[in-house]
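Spelled out from the first residue to the last, the chains are:
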Amino acid sequence: MISNSNLVKNTTHKAVIPFYAYAALSFLVATILLVLSSKAFGAHYFQPPILAVTHTMALGWGTMMILGASHQLFPVLIEGKLFSNLLAYLSFALTGSGIPLLVYAFYTFNMNCPAQCGALLINLGIFCFLVNITASLISSKKRNVHAFFALAATLWLFTATIVGFLLVLNFTRPILAKDSLHYLSLHAHLGIGGWFLLMIIGVGTRLIPMFLISKYTRPAILWTIFVLINMALAGFILIFLYAAKRYLFAIPVAAIFTAVGLFAFYCYQAYQKRIRKQTDNQIRISLLSILMMGVPTVLLAVITILLVISQADARLITAYGFSIFFGWITAIIFGMTFKTLPFIVWNKVYHHRAGLGKTPSPKDLHNAKIFNLMSIAYLSGFILFVSGILINYSLLLEVSAFALLLAAALYNWNVYRVIFHTPTK
Amino acid sequence: MNVVTNNEDKCNLALIALKDVLDPEVGLNVVDLGLIYSLNFNEDKNYIFVIMTLTTQFCPMGESIRDNVKQTLEELFKGYNVDIDVVFDPPWSMELISEEGRQFLDR
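The model shown is predicted, which means the values in this text are computed figures rather than measured ones. (Residues numbered from 1 in each chain as written. Chains lettered and ligands numbered in written order. Predicted model: local features only at pLDDT ≥ 70, side-chain atom pairs only at ≥ 80, totals over all residues.)

Brief notes about the overall build of chain A
Helix and strand content of chain A: 13 helices and one strand. Its helices and strands taken in sequence order, chain A reads β-α-α-α-α-α-α-α-α-α-α-α-α-α from the N to the C terminus. Taken over the C-alpha trace, chain A has a radius of gyration of 21 Å; the compact-globule value for 425 residues is 22 Å, and the two agree within 12%. Within chain A, residue pairs in contact and separated by at least 24 positions form 79% of the contacts whose partners lie at least 6 positions apart. (Helix = DSSP H or I, 4+ residues; strand = E, 2+ residues; numbered from the N terminus. Rg over C-alpha atoms; globule rule 2.2 N^0.38 Å. Contact = placed C-beta atoms within 7 Å.)

Shown next as structure tokens:
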């Protein structure tokens, strides 16, 4: 007899692994698009190829990966179970079919059916996810700060995709007071600050101490971060819509600066108080991603100051966006993929063999050498590409885009190696 | 390592066998990690009662570790039923790690 009451029930791998597989391919597609259009990154950011790459990264890579991981991790955060597997499958099918349509529409700048149908499908998919997360939280026995981070992040994501849908419609029939370009920063920051920042901090402050085997926990700091980010976003929307004074943007930027600083402090404390002294490369790159948050944060501060004084350089804004999607978000996904996916696959393949002989360790399911090569290609590609944007040097952009493509290919090789792992005899 | 038991000899045998059950994330066995709280034997009914914990309630490998403990004990004590209760009160803490475990983690 076994008492199950205190153990967290894992979500079926069928509701999780497709998201990982989709996200990996999206990253490969994004880097291929980057290679094909690297020169465009030296100019203004509002260009079809840049919009296509950005949405492949934001939706296909970052969002699909987080949606998949959330189906696995959210039950863990609420100590309950996922409300519905069907909603998870629907979320995958709808969002996954909408993204290619939207990306194709941006690449060819066809804002009619492909863009509108794609945006609608994505909204339906995100709505399914929102319902699933909310219903799971309502039916759970415990609600902690991490779960509220995830719920708030999902609400912001849905808001961002609704605004995105309106912007797409606004291209062909004017339904908003101004053109779509005017609202681009609003749409982008709802997604970046509301979805990615809240979700990554909420889940990261649970996972990083767990993987470091650290008992450090300070809910008060996390609640402070939660309030700061949400207040910053609400303030940003109000200032954007109702106040013409650019200097007021310094207030939400300062709040985000403080929140990111507190998050870094939290992770540093968890690292200092870890029980296991050795850290593996997946954890190292995850911790590096926290440092990499400093790049867009500093760029955001510089852009805000320049906006108050006169006008911000478009290349600074492109570098800011690039450092978010290809820097911070990609680095944390690299680290966390190989800390979560091998365990999910291991549970699928070897769970029934528990105690019945030797099985490989979950971490042995991926190839560590390929991971290290990927990390080198990625970090060099990222640093060079950001430099290429800032100094507008085409050759540097082209070479570094190839390095990022190599990183994506190696990442895919390792991810699919884990997904298609067959049991050892 | 202070495992509560009503049968020292059988408990020691069980703990030796359970040193093969690893927490896959930490790479250390459940005994040296201090996850086993008590091992009690009912000889009349051929039952083994285990109270154990995990390093974190959020452990995605929790079920697997628990099942591994159960299979290992059933393999060692043929004919016994193993009853496992996973508890988080008292919570696991690093003070529960054995000296060998600490040396392993400090490497």
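Quick notes on the overall build of chain B
Assigned secondary structure in chain B consists of three helices and six strands. Scanning chain B from its N terminus toward the C terminus, one meets helices and strands in the order β-α-β-β-β-β-α-β-α. Taken against the 2.2 N^0.38 rule, which gives 13 Å for 107 residues, the C-alpha radius of gyration of chain B at 13 Å falls within 12% of a compact globule. Counting only C-alpha atoms, chain B reaches 45 × 25 × 25 Å along its principal axes.

Section: helix α2 (residues 48-78) of chain A
Residues and elements named next belong to chain A. In the structure, α2 departs most strongly from a straight axis at His71, where the bend amounts to approximately 45 degrees and where the proline Pro75 lies between one and four residues downstream. When you tally the buried positions in α2, you get 28 out of 31 residues, the bulk of the element. Of the residues flanking the end of α2, it is Glu79, one or two places downstream, whose phi is positive at about 55 degrees. (Bend = angle between axes of the 7 residues up to and from the residue. Buried ≥ 20, exposed ≤ 12 C-beta atoms within 10 Å, placed from the backbone.)

Thoughts on the pairing of strand β4 (residues 36-42) of chain B
All names here are of chain B. For strand β1 (residues 4-5) and β4, the ladder comprises two bridges, and the chain directions are parallel. What sits directly across from Thr5, in β4, is Leu39. With six bridges joining them, β4 and strand β5 (residues 47-52) adopt antiparallel strand pairing. Bridging from a neighbouring strand, Asn42 pairs with Tyr47 of β5. Where β4 hands over to β5, the hairpin turn is made up of four residues, of which Asn46 adopts a positive phi near 55 degrees. (Pairing = 2+ DSSP bridges.)

A few points about the nonpolar core
Counting residues in each nonpolar core, the largest one holds 174 residues, and the members touching the most others are A:Ala150, A:Met199, A:Ile229 and A:Leu404. Per-element tally for this core: the top contributor is helix α11 (residues 314-350) of chain A, with 21 residues. (Core = buried A, V, L, I, M, F, W, Y, C linked by C-beta atoms within 7 Å.)

Quick look at the environment of A:Val53
Residues and elements named next belong to chain A. Mapped onto the secondary structure, Val53 falls in helix α2. Val53 gets classed as buried once you count the C-beta atoms within 10 Å, which come to 30. Separated by 22 residues in the primary sequence, Val53 and Thr31 have C-alpha atoms spaced 7.9 Å apart. Discounting chain neighbours no more than four positions away, the residues touching Val53 are Ala30, Leu33, Leu34 and Ser37.

Observations concerning the interface of chain B and chain A
If you look at the interface, chain B gives 31 residues, while chain A gives 26 residues. Of all the secondary-structure elements, those providing two or more residues to the side of chain B that touches chain A are α2 (62-76), β6 (81-86) and α3 (99-106) of chain B. If one sorts the elements of the side of chain B that touches chain A by residue count, α2(B) sits on top with ten residues.

Focus: the packing of helix α3 (residues 85-108) of chain A against helix α4 (residues 113-138) of chain A
Residue and element names in this part refer to chain A. Running from N to C, α3 and α4 point in directions that differ by 155 degrees, and their axes come no closer than 7 Å. With respect to α4, the element α3 is oriented roughly antiparallel. Two packed elements cross with a definite hand, and for α3 against α4 that hand is left-handed. Classifying every residue of the contact of α3 with α4 gives 20 nonpolar, seven polar and no charged. (Axes fitted to C-alpha atoms, helices over the stretch in contact; angles between N-to-C directions. Parallel < 35°, antiparallel > 145°, perpendicular 65-115°, else oblique. Left-handed = near helix turned anticlockwise from the far one by under 90°. Nonpolar A, V, L, I, M, F, W, Y, C, P; charged D, E, K, R; others polar.)

Examining the confidence of the model for chain B
Summary statistics for chain B give a mean pLDDT of 89 and a share of 98% for residues scoring 70 or more. Confidence metrics for the complex model read pTM 0.91 and ipTM 0.77. (pLDDT = per-residue confidence, 0-100.)

Remarks on the environment of A:Asn112
Residue and element names in this part refer to chain A. Mapped onto the elements, Asn112 comes out in the loop between α3 and α4. The exposure class assigned to Asn112 is exposed, which follows from the 11 C-beta atoms found within 10 Å. Between the C-alpha atom of Asn112 and that of Thr172, which follows or precedes it by 60 residues, the distance is 6.9 Å.

What about unusual backbone geometry?
Between B:Asp89 and the following residue, B:Pro90, the backbone shows a cis peptide bond with an omega angle of 5 degrees. Mapped onto the fold, B:Pro90 is located in the loop between β6 and α3. The phi dihedral of A:Asn392 falls on the positive side, at around 55 degrees, and the residue is not glycine. You can see A:Asn392 is positioned in the loop between α12 (368-391) and α13 (394-419). Owing to 14 C-beta atoms within 10 Å, A:Asn392 belongs among the partly exposed residues under this scheme. At B:Asn46, a residue that is not glycine, the phi angle is positive and equals roughly 55 degrees. Here B:Asn46 is to be found in the loop between β4 and β5. Its 12 C-beta neighbours within 10 Å are what place B:Asn46 among the exposed residues.

Things to note about the packing of helix α6 (residues 180-212) of chain A against helix α8 (residues 250-272) of chain A
Any two packed helices are characterised by the angle at which their axes cross and by the distance between the axes. Residues and elements named next belong to chain A. Running from N to C, α6 and α8 cross one another at 10 degrees; their axes reach a closest spacing of 9 Å. Between α6 and α8, the angle falls in the class roughly parallel. As α6 packs across α8, the resulting crossing turns out to be left-handed. Of the residues in α8, those touching α6 at Gly193, Ile201, Thr205, Ile208, Pro209 and Leu212 are Ile256, Phe263, Tyr266, Cys267, Ala270 and Tyr271.

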